[in-house]
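Residues per chain are reported as follows:
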Amino acid sequence: MTDITAPSHDSTGPAPTTRRGIRDRTSALHARARFIAHDETGAATAEYAIATLGAVALAGLLVVIMRSEEVKQILTDLVERALTVP
């Protein structure tokens, strides 16, 4: 397998200025860009992290809402009505 990150010329000298040298360097850069664009390493982990942060944020919001007196009263009334025999 060819290392596409390696320069196509002697790294101790100046970069080639011939058309072939420039074309080789451009091809190597395009190949590297395609590789980077299609590399999905860690994508699933990032998606899980974002979903987890969203779930934590929603849970925090629910905790704040559930601690309010209005919600406590609504839930208490609902349970009392459900347990009352007509």
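Remember, predicted model here, so these are calculated numbers, not experimental data.

Visitor: How would you summarise the overall build of the protein if you had to cite specific residues and measurements?
Guide: A tally of regular secondary structure across the protein gives three helices and zero strands. In the protein, buried positions account for 2% of the 86 residues. Entry remark: accessible area of the protein is about 7800 Å², with carbon and sulfur atoms responsible for 64%.

Visitor: Go over the confidence of the model for the protein with me, naming the residues and quoting the values.
Guide: Taken over all residues, the pLDDT of the protein has a mean of 78, while the share at 70 or more is 69%. Here helix H1 (residues 19-38) is the element of the protein with the lowest mean pLDDT, 74, and helix H3 (residues 69-83) is the one with the highest, 93.

Visitor: I'd love a proper account of a nonpolar patch on the surface, names of residues and values included.
Guide: On the surface, a cluster of nonpolar side chains totalling about 620 Å² of accessible area is made up of Leu-58, Leu-61, Leu-62, Ile-65, Met-66, Leu-75 and Leu-78. If you tally residues by element for the nonpolar patch, the top one is helix H2 (residues 43-66), at five residues. With respect to the secondary-structure elements, Ile-65 resides in helix H2.

Reading guide: rules and limits
- Residues numbered from 1 in each chain as written.
- Predicted model: local features only at pLDDT ≥ 70, side-chain atom pairs only at ≥ 80, totals over all residues.
- Heavy atoms only, no water.
- Helix = DSSP H or I, 4+ residues; strand = E, 2+ residues; numbered from the N terminus.
- Buried < 20%, exposed > 50% of the residue type's maximum accessible area, 1.4 Å probe, protein only.
- Areas by Shrake-Rupley, 256 points an atom, 1.4 Å probe, with all protein chains shown as cover.
- pLDDT = per-residue confidence, 0-100.
- Patch = residues over 30% accessible without salt bridge, like charges linked within 9 Å, V, L, I, M, F, W, Y side chains within 5 Å.
- Salt bridge = Lys/Arg side-chain N within 4 Å of Asp/Glu carboxyl O.

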